[in-house]
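Observations on chain architecture
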Amino acid sequence: MNRIDRLFGITTMLQSKKHVSAEQIAEQFGISVRTVYRDVKALTEQGIPVSFEQHRGYFLVQGYFLPPVSFTPEEANALLLMEKMALSFGDRSIHAHYTTALHKVKAVLRSKEKDRFEQLNNRIRTHVPEQFSGNFEYLATLQSAISERHIIEVEYRNNNGIASLRRLEAIGLIFYGAAWHIIAWCHLRNEYRDFKVVRIGRLTDTGIPFKKEQHLSLNDYIADRHMNKPNQV
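Here we summarise the structure given alongside this text. (Residues numbered from 1 in each chain as written. Predicted model: local features only at pLDDT ≥ 70, side-chain atom pairs only at ≥ 80, totals over all residues. Heavy atoms only, no water.)

1. Here we look at the packing of aromatic side chains
Considering all chains together, one arrives at four aromatic pairs under this definition. Where tryptophan 185 meets tyrosine 192, the ring centres are 5.0 Å apart and the plane angle is 75 degrees; that geometry is what we call edge-to-face. Its relative accessible area of 13% is what places tyrosine 192 among the buried residues. The aromatic ring of tryptophan 185 is capped on one face by lysine 212, whose charged end is 4.3 Å from the ring centroid. (Phe/Tyr/Trp six-rings, centres within 6.5 Å; stacked < 30°, edge-to-face > 60°. Buried < 20%, exposed > 50% of the residue type's maximum accessible area, 1.4 Å probe, protein only. Lys NZ or Arg CZ within 6 Å of the ring centre and 35° of its normal.)

2. Comments concerning the pairing of strand β1 (residues 50–53)
As paired elements, β1 and strand β2 (residues 57–60) share four bridges and run antiparallel to each other. Across the sheet, phenylalanine 52 pairs through a bridge with tyrosine 58, a residue of β2. Between β1 and β2, which pair antiparallel in sequence order, lie three residues; one of them, histidine 55, sits at a positive phi of approximately 70 degrees. (Pairing = 2+ DSSP bridges. Helix = DSSP H or I, 4+ residues; strand = E, 2+ residues; numbered from the N terminus.)

3. Quick notes on the environment of alanine 26
On the secondary structure map, alanine 26 appears in helix α2 (residues 22–29). C-alpha of alanine 26 to C-alpha of valine 36: the two residues are 10 residues apart in sequence and 6.3 Å apart in space. Not counting residues within four places of it along the chain, the set of residues in contact with alanine 26 comprises Ile31, Ser32, Val33 and Val36. (Contact = heavy atoms within 4.5 Å.)

4. Thoughts on the pattern of salt bridges
Scanning the entire structure with this criterion turns up six salt bridges. A salt bridge links aspartate 39 to arginine 3, with the nearest nitrogen and oxygen atoms 3.0 Å apart. Here arginine 3 lies in helix α1 (residues 3–16) and aspartate 39 lies in helix α3 (residues 33–45), a separation of 36 residues in the sequence. As a salt-bridge pair, glutamate 45 and lysine 41 come within 2.5 Å of each other at their nearest N and O atoms. Highlighted residues: glutamate 45 and lysine 41, both in helix α3, separated by four residues, approximately one helical turn. Both residues of the pair, glutamate 45 and lysine 41, count as exposed. What you see here is one network of salt bridges that share partners, running through Arg3, Arg6 and Asp39. (Salt bridge = Lys/Arg side-chain N within 4 Å of Asp/Glu carboxyl O.)

Below, the structure written as structure tokens:
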């Protein structure tokens, strides 16, 4: 990768994350940390507002936006493949959002690249078992509630088919056992529980902030789950 492409790549990386350390940039582009310092200096000299926060890393000053100029054919092909996976393993809400996102990708492709993109699109298919079908539309709402730390209210049927109304503080989503699961602090049981998304009959983002101040990270929950029996309902 030449330096111009690398500088553009660093800018895109900074735009995609809140903070990025010099070490992360170095690893991403296969360069030394000293080279990262030189590249960041070059970006600031070109008027790109890169700033630095101690112990957190580099960031772009709020308000700066670099629109995507182009995608390589390989990048566009990778996104196309992920669309097929999203259509197979996502739900209706994810299908809609991913499709509109991919339209934006297509909009910046050159005519020749668009033709190749469409040809490849007609040559990729996925065939998955019926139980993988996302016949619901909660994943987008769940993602929003998790990122905003909002309490969700769900009508849920347990393993025995018994319905109950739950208020949950979701800490993450996991796909395993051919299904999506919410990992959440349950107000009713006063503990973390594993809820299968397909068993949700109704879901509402209440907009109410989490009441529990400190939560396990999803990684800590998964690590603990390997040591103990999953608390699935």
